[in-house]
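Notes for the structure review
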Amino acid sequence: MEHRVVPWRLPAPAQDVLLALFITVMQVQGTIVRNTGEVVQRPLADLGNLGYVLLIVSGVVVAVRRRWPVPAFVTAALASLVYFGLDFPDGPGWLGLFVALYTLAAYGDGRRSLMIAGVGTTVLAIGWLIAAADIEPRAAIGWVFFRIGASVMSAALGESVRSRQVIAAEAQERAELAERTREEEARARVDAERLRIAREVHDTVAHAIAIINVQSGVTAHVLDKRPEVAREALRAIEQTSSRALREMRAILGVLRDDDGDDDGRMPYPGLGQIDDLTAKARKAGLDIKLEETPPAAPLPSAVGSAAYRIVQESITNVVRHVGPTRVTVALNPGIEALEIRVTDAGRRAAPGHDSADPYLPAPQPISSGSSAKPGRGIVGMRERCQLLGGELDAGPISGGGFEVRARLPLAPTESRL
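Calculation rules
- Residue indices follow the written sequence of each chain, beginning from 1 at its first position.
- Two thresholds apply to this predicted model, a pLDDT of at least 70 for residue-level local features and 80 or more for giving and counting side-chain atom pairs, whereas whole-chain, interface and lining totals are computed over all residues.
- Side-chain figures throughout are based on the complete set of non-hydrogen atoms in the structure, without hydrogens or water.
- Each helix is a run of DSSP H or I of at least 4 residues and each strand a run of E of at least 2, with the numbering of both proceeding from the N terminus.
- Contact between two residues is taken to exist if any of their heavy atoms lie within 4.5 Å; hydrogens are not considered.
- What makes a patch is a set of residues exposed beyond 30% relative accessible area and free of salt bridges, joined within 9 Å when like-charged and within 5 Å when nonpolar (Val, Leu, Ile, Met, Phe, Trp, Tyr).
- Each accessible area value is a Shrake-Rupley result obtained with a 1.4 Å probe; residue values ignore everything except the protein chains displayed when judging cover.
- In what follows, salt bridge is the name for a side-chain nitrogen of Lys or Arg lying within 4 Å of a carboxyl oxygen of Asp or Glu.
- The buried label applies to any residue whose accessible area, calculated with a 1.4 Å probe on protein chains only, is under 20% of its type's maximum; exposed applies above 50%, and partly exposed to all values in between.
- Multiplying 1.5 Å by the helix residue count minus one yields the expected span of that helix.
- Strand pairing follows a simple DSSP-based rule, namely that at least 2 bridges must link the two strands.
- To get an axis, a line is fitted to the C-alpha atoms, and for a helix only the part in contact is used. The angle between two axes follows their N-to-C directions and goes from 0 to 180 degrees.
- Planes of paired rings set the category: under 30 degrees apart is stacked, over 60 is edge-to-face and the rest tilted, where pairs are Phe, Tyr or Trp rings (Trp by its six-membered ring) whose centres lie within 6.5 Å.

**Quick notes on the side chain of Arg-162**
Position of Arg-162 relative to the elements: it lies in helix H6 (residues 142-222). Setting aside residues up to four positions removed in sequence, Arg-162 forms contacts with Ala-105, Ala-106, Gly-108, Asp-109 and Gly-110.

**A few points about a nonpolar patch on the surface**
On the surface, a cluster of nonpolar side chains totalling about 340 Å² of accessible area is made up of Leu-10, Val-17, Leu-18 and Leu-21. Mapped onto the secondary structure, Leu-18 falls in helix H1 (residues 12-34). Judged by relative accessible area, which is 49%, Leu-18 ranks as partly exposed.

**Examining helix H4 (residues 95-106)**
Between its first and last C-alpha atoms H4 spans 17 Å; for twelve residues at 1.5 Å apiece the expected length is 16 Å, and the two agree. Within H4, nine of the twelve residues are buried, which leaves it mostly tucked inside the rest of the structure. Residues Gly-96, Leu-97, Phe-98, Ala-100, Leu-101, Thr-103, Leu-104, Ala-105 and Ala-106 constitute the buried set of H4.

**Brief notes about the sheet that holds strand S5 (residues 402-409)**
As summarised here, the arrangement of the five strands in space is S1-S2-S3-S5-S4, forming an open sheet in which the pairing is mixed. Looking along the sheet, the strands with just one partner apiece sit at the ends: strand S1 (287-292) and strand S4 (391-396). Adjacent strand axes in the sheet meet at a mean angle of 10 degrees, parallel and antiparallel pairs treated alike. Each of S1 and strand S2 (326-333) is contacted by helix H8 (residues 274-283), which is oriented at about 165 degrees to S1, the strand it contacts most. Contacts between helix H11 (residues 377-387) and the sheet are confined to S4 and S5, with S4 contributing the most and set at about 155 degrees to the helix.

**Some words on the environment of Ala-150**
Position of Ala-150 among the secondary structure elements: in helix H6. By relative accessible area, Ala-150 is classed as buried at 13%. Linking Ala-150 and Leu-95, residues 55 residues apart in sequence, is a C-alpha distance of 9.9 Å.

**Describing the packing of aromatic side chains**
Enumeration over the complete set of coordinates arrives at four aromatic pairs. Ring centres 5.3 Å apart and planes at 25 degrees place the aromatic pair Tyr-83 and Phe-88 in the stacked group. Relative accessible area serves as the criterion here: at 4%, Phe-88 is assigned to the buried category. Consider the rings of Trp-94 and Phe-146, whose centres lie 5.4 Å apart with planes at 70 degrees: the pair is edge-to-face. Within this pair, whereas Trp-94 is found in the loop between helix H3 (69-85) and H4, its partner Phe-146 is found in helix H6, the two being separated by 52 residues in sequence.

Laid out in structure tokens, this is it:
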């Protein structure tokens, strides 16, 4: 494993303490060296070594510049005004002041810090100019303008650093927000895909199990008396289970990682498979009638797949909860929407049922447990319609029976099926 070398750095307080010691030494020693051999109006040792004290204070205060930037600047500024106002000798006694002024602008809050820096620099400039009013020779007054210009540059440099830090922080925040947004969108897509897979699995498995359940009941009923009917029922079970397995592989194929390998997969079912669906329903004992109007133009795949699943789920509910009965499936593609209607005639009476084959079992009544706990079939169909901007109604009809009516726009708002 590759190890990254992390450079060792002193903590910020320790850095400030070292910087304060350096500035203090530079201010005191630099002033002494600069004025060696010259006649000064007031030596540093005058007034009880006040000149040394002011140079030390304006240097030491740098140690707390980050923690208290405003008090540090005010202290350094007052020390400078008193120092030059009392005509102590000129020298690098402004180092601590410039560092404090830079820190005020760099670590402040922008507008307030700049106002304090501006007011402080103005007061300093006035004080320095008053103190230098009687300076001789007059050329020496250039040091006053140097201090004023250096003060403005220190504040401008600090504001520039602060602005860059603010821009970098905002850029980092935008990057984190964009990353969170991408993650949320990815999770939303994953959730939508999970919902789609769950819905497809539910429709496929529920329909196959309902058909297999009916055919297995037929097989058990006629196995001894009508072996040819039992053989046909077993063949229907085999075909139904085989197709269900192929559809399951196609649905769950999106979870595989072997890109480009489509072996064993099937395209999502659409209106082209409605005939096969109704044929299987007839084998399950339904007297089904398909009323289909050819569309003027090919339907969107999302609409066709949703229509197939709605018809499949409706037929599954009839097989599971009603048994052999008459069913009408009507598909009417219009200019703007596809109209779907699946209607059943209701449950036939068990005694004396009018099955064409006396050997087929009568439909079994629905148990109280199943009626008390309805499934998610209608809910799933309604969700499919809503995803495409359509609507679905389902309920009993007058004279007995049940009807499912759906309307799917041909230009869905968002295809997520």
